[in-house]
Protein chains: 2
Amino acid sequence: MRIIIFSLKVFAFAGVVGLCALLPINYMGSQIVIDFSDFTNKSLESFSISNVNDGSKKLWIHFGAVYAFTAFVCYLLYLEYRYISLKRLAYYYSSEPKADQFTVLVRGVPKSSTDSLSESVEKFFSEYYPSLYLSHYMVYHTTKIQKLISDADKVNRRLAFLRSTQKTSQRFGRVGFLGLFGPKVDLVEYYEKKLEDLEDNVRTQQSLLSGEEVPAAFVSFKSRLGAAVALHVQQGENPTEWLTEQAPEPDDVYWPCFSASFISRWIGNVIVVFACVILTILFLIPVIIVQGLTNLDQLETWFPFLEGVLNIAFISQVITGYLPSLILKMFLYMVPPVMIMLSSIQGYVAHSQIEKSACNKMLWFTIWNIFFANALSGSVLYRVNIFLEPKEIPNILAVAVPGQATFFITYVVTSGWTSTASELLRSMALVSNFMRRIFFTKADEKFEAPSFPYSSEIPSILLFGLLGITYFFLSPLILPFLLVYYCLAYIIYSHQLLNVYSPKFETGGTFWPIVHNSTIFSLILMHMISVGIFGLKKLPLASSLTVPLPIITLLFNSYCRKRFLPVFKGYPAECMIKKDRSDEAMSDFHEKLVTAYQDPFLKPIHFSGRTDGSNAPLLAYET
Amino acid sequence: MRIIIFSLKVFAFAGVVGLCALLPINYMGSQIVIDFSDFTNKSLESFSISNVNDGSKKLWIHFGAVYAFTAFVCYLLYLEYRYISLKRLAYYYSSEPKADQFTVLVRGVPKSSTDSLSESVEKFFSEYYPSLYLSHYMVYHTTKIQKLISDADKVNRRLAFLRSTQKTSQRFGRVGFLGLFGPKVDLVEYYEKKLEDLEDNVRTQQSLLSGEEVPAAFVSFKSRLGAAVALHVQQGENPTEWLTEQAPEPDDVYWPCFSASFISRWIGNVIVVFACVILTILFLIPVIIVQGLTNLDQLETWFPFLEGVLNIAFISQVITGYLPSLILKMFLYMVPPVMIMLSSIQGYVAHSQIEKSACNKMLWFTIWNIFFANALSGSVLYRVNIFLEPKEIPNILAVAVPGQATFFITYVVTSGWTSTASELLRSMALVSNFMRRIFFTKADEKFEAPSFPYSSEIPSILLFGLLGITYFFLSPLILPFLLVYYCLAYIIYSHQLLNVYSPKFETGGTFWPIVHNSTIFSLILMHMISVGIFGLKKLPLASSLTVPLPIITLLFNSYCRKRFLPVFKGYPAECMIKKDRSDEAMSDFHEKLVTAYQDPFLKPIHFSGRTDGSNAPLLAYET
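Residues numbered from 1 in each chain as written. Chains lettered and ligands numbered in written order. Predicted model: local features only at pLDDT ≥ 70, side-chain atom pairs only at ≥ 80, totals over all residues. Heavy atoms only, no water.

(A) Just the relation of the copies chain B and chain A, in detail. Between chain B and chain A, which share one sequence, the superposing operator has a rotation angle of 180° and an axial displacement of 0.0 Å; the RMSD is 0.1 Å. What the superposition gives is, in effect, a two-fold axis relating one chain to the other. The residues that chain B uses at the interface reappear at the interface of chain A in 100% of cases, marking a shared surface. (Least-squares fit on C-alpha atoms with pLDDT ≥ 70 in both. Contact = heavy atoms within 4.5 Å.)

(B) Seen up close, the side chain of S343 of chain A. All names here are of chain A. With respect to the helices and strands, S343 occurs in helix α14 (residues 323-345). The class for S343 is buried, based on a relative accessible area of 0%. A polar contact is formed between the side chain of S343 and the side chain of S357, at a distance of 2.8 Å. Residues in contact with S343, not counting those within four places in the same chain, are Y348, I354, S357, A358 and K361. (Helix = DSSP H or I, 4+ residues; strand = E, 2+ residues; numbered from the N terminus. Buried < 20%, exposed > 50% of the residue type's maximum accessible area, 1.4 Å probe, protein only. Polar contact = N/O pair within 3.5 Å; in protein donor to acceptor, adjacent residues only side chain to side chain.)

(C) Quick peek at the interface of chain B and chain A. In this assembly, 47 residues from chain B lie in contact with 47 residues from chain A. Carbon and sulfur atoms make up 66% of the surface buried where chain B meets chain A, a total of about 4000 Å² over both sides. For the chain B face of the interface with chain A, the top three residues by lost area are Y128, E237 and W266 of chain B, together amounting to 17%. At the surface where chain B touches chain A, the tally comes to two salt bridges. A salt bridge links E237 of chain B to K578 of chain A, with the shortest nitrogen-to-oxygen separation between them at 3.9 Å. (Buried area = accessible area lost by both parts, 1.4 Å probe. Salt bridge = Lys/Arg side-chain N within 4 Å of Asp/Glu carboxyl O.)

(D) Examining the packing of aromatic side chains more closely. Considering all chains together, one arrives at 39 aromatic pairs over all chains under this definition. Aromatic pair F63 of chain A and F534 of chain A: ring centres 6.0 Å apart, planes at 65°, arrangement edge-to-face. With a gap of 471 residues between them, F63 of chain A in helix α3 (residues 59-94) and F534 of chain A in helix α21 (residues 512-536) connect regions that are remote in the sequence. The pair F63 of chain A / F534 of chain A is uniform in exposure class, with both members buried. On the numbers, 5.9 Å between centres and 80° between planes, the contact of F125 of chain B with F221 of chain B is edge-to-face. You can see F125 of chain B sitting in helix α4 (residues 117-128) and its partner F221 of chain B sitting in strand β5 (residues 213-221), a full 96 residues away along the chain. Taken individually, F125 of chain B and F221 of chain B each receive the classification buried, so the pair is uniform in this respect. Aromatic rings pair up to connect F124, F125, Y128, Y129, Y133, F221 and W242 of chain A into one cluster. (Phe/Tyr/Trp six-rings, centres within 6.5 Å; stacked < 30°, edge-to-face > 60°.)

(E) Spatial organisation of the packing of helix α17 (residues 405-425) of chain A against helix α20 (residues 478-499) of chain A. Residues and elements named next belong to chain A. Direction vectors running N to C along α17 and α20 enclose 10°, while the axes themselves pass 10 Å from each other. Comparing the axis directions of α17 and α20 gives the class roughly parallel. Each of F408, I409, V412, V413, G416, W417, T420, A421, E423 and L424 in α17 lies in contact with α20, whose residues at this interface are I478, F481, L482, V484, Y485, L488, A489, I492, Y493, H495 and Q496. In the contact of α17 with α20, the residues fall into 16 nonpolar, four polar and one charged. (Axes fitted to C-alpha atoms, helices over the stretch in contact; angles between N-to-C directions. Parallel < 35°, antiparallel > 145°, perpendicular 65-115°, else oblique. Nonpolar A, V, L, I, M, F, W, Y, C, P; charged D, E, K, R; others polar.)

(F) Main features of helix α24 (residues 573-582) of chain A. With seven of 10 residues buried, α24 of chain A is to be regarded as a mostly interior element. Residues of α24 of chain A that are buried: A573, E574, C575, M576, I577, K579 and D580 of chain A. Where α24 of chain A is buried, its residues contact α3 and α8 (224-232) of chain A together with α4 of chain B.

This is the structure in structure tokens:
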């Protein structure tokens, strides 16, 4: 939760330092009088590096600033990484015993000719870990039951609505196609009958499950260390069987995705990676089409019948002015759900993992489609091949990036400032809620506090960080705008996190490595641009002296990975054993643990008010 | 041990298939009559792909061969990887209980203000693993003692030689500088006195050690699973403290390298990587200088005084003909020891690890300096920047590589065939032994059976594999020569391994991943060349259809890594628990285990025949 606030602080602070270091030295010294009444592009440009003469000694100030800024950001990153990893340990020490700490998810349970999968799991773990093994819960194919239960749920809510309503006209209706055909019947009776049928059906299906086991199980141990042993030590002789991974929190499990075997998950992974790359690159096509809207003439030649409409001044203004950015925004809103869908295909078994993976995907998508597509002035598709000639990258970036400073300053204002403001209003959620209430049955709505959309918010915050880091020495005037953005974002997100969103899962600080990596990437990009800029400005010495900087930064990054990342992947034995010892009266907890993991679709259902005993589950859960 | 033989078989077999697939189809069909009496470069060239017309349909046969060959090699690789990983498990099951299976090496023991390092280790493990922890052995700084003991060893051997010799003239001599000055004394008495002094000194030093602990310890556990838990689960809260790694076999430990701390080892690693890269690239300089020897005119302008000598026909023939390759060979012989030295600086703690890391370094060194330097015709230094333009690589390789077919066929004959032959004679060892006996004291020699020089032999074998894979479709005539080489090598290495070398450590199949990776690299290189060739031969469709092949190969590789590599990194819990249970009467073994790891320089020394009890070690080893 606190990650966002921390990243805000880091960037804001870094921005202040960059501003202090650069603005007075470079620009006060060079006698540029700032005329705020004529705050046009020209005066903006006068602040940028393009204004400095070729080979000027003043460029050495920029050079020094690049080094100082990098050192400072790395220092901050180190402090933050350490702080968050310590917080993570403290959080672990202070937490109550939780089911996920004692449980591992075992996948790739091998088929045996004599035993069922559940029996093999039981045998394997009770043979090899007799003193540590507690229980296991098999995962089942529940697609059919999911369908039935969601139907029953709908019927039930419809029923509740009908019962609560007073109007008789609504109690009677036709039940044929779309409620238009067939004789009029008492809807309450009709739905009650239907619900009962569905419930019976669900129970029959639940009892038939034993053959439909998925080769995956949640295996619980008596101590945290036991779970860690099963987690970290390769279990089976075949490394593709008895694969263990950290179990997510019980509420966090994403049940539909358990069916995939090792090889199909591996193939799925490969396909998803390809799909992401293709989506990221092909997203430029709608961007280009939308940009075509600004040329009305072309639109007229395409659709001649529009000519009359387009000649009206107001409409043409709307189309050229607002429509492109609106359509683009709509497209952008569609991307996070797509990324989440892709991540869920990949075989992640927890909402938190899916969210994290989608966050990563969105980050690269945003950097590519906002930063690179705009910095390389839209023609990025034709310039994709610059990445096949690494030697040329600094030069191309150095030519393209500084020219877009004005655009990005505008972007910070229009997109950054307004997005935080609209975040406060949550206008999207309001609109979509409103639409749903109009077009769908009013009674079907259940209100839930939304969880924080990490996968769409973190990437956009990091994008502004990237802008700040790359432009701080090219055109420092972007920094005050960014600072305003970060202050706004700090206030607004603090409010939203405290009062609006309810967390679905504990992140436990696991989003921080993404922030760290993205910042390191921004630094390296900045170094590449500065190598190119110093070359262009005929200061080859400064250019070659900048080359070691990205290497040092990468070394710093690899050190951080060794020093801090392990704590984010798992907890050390020291902590686990200490926690295990400090727990008392564990037998209560063990009882709870046995039933902690349960597919929500296999729980007995209680829609109709019948009390004839058939509510009891027919399937006895193996415990 | 069997890895080499396996790799030979794989490549020989792959070669046969490549030959069968290509030779009849391509060349019998195209009516080239092979005139073996005129077996010159011209007829060699007629076999190569350069002979096929641009855009010819026959190129599709090559295209098919590339796909078929890749599929076949991947299939073989898969079978071999599976076979060796099963062998590895079988070897583990059949092995006697060994000290290294029960022991982990703990590094980065944190300093404590109250306890000594040894006490902290004892406390930490007996607190957290009370039922599993058995004992530990601290590592000490022993540089001084090493020096003293090696001195004592020399004196002792000298003494033994003097005692055994009959000549009185050798019994008396001067003991001053180089045995030239000072009065004549009885050398036996003199050396006996000296030896006693040294021994006392060693004992004093050994007793003073307690302050000189290195923050590293061998920690032994009562079961294999205990050691695995300590190995795989992060121990301390700080991931740079209590670092655990698999302990090497007791005889395999490389004692001098324990002093480095986490951060200094990390820096050392970075430096060594840089040093390797620089060495590999700069090695071209002696190559170029040596190649300068073939131009005698230039030599005469550099060293005018040599003019008279160089005009003698015999000498100029020797210099231009033999000297360059001889000097190059000498330089090449110097490289493996340098690589081993670099690897030992890196902080590896076992001879086997050092050998493996040196093998990897040598592999890239060989591929770069033999394959690329020659394929790109010596001017590789100026062409280094092709690696900065990845798009151009296939084209450049396609132009350069086929032209060097004749050179590499000659190389297989001159270097490959002769190196295996000289391996049989072990002429280098003979010469160096002879030289040492002449220039150094004769008595100082101890004979030890040499261990197999993996780090110099495996890379050269793999280089021939690379040649075979890249040239099989460019110029298939290289294949019979390679086959002869591999048959020779199979016979000779089998003989050498069985009768000449004595293994210093069990490799346990851990060299196989190197062979696998190198083969995958060769395949990808071959694909890149074929993409280029098909482009040059104006068959763009074939060229683009080859592009998916390297991607598929990389995917295959990543699958193999997931499927097999874990078994090479550690043993699965299933095996360890089974082994633990099958062991009986472990108390004897536990006693042995306690003293298994001991720095050879801290063992009590027994050079002089004294029996006054001062042979007992003054330092009581913590157990």
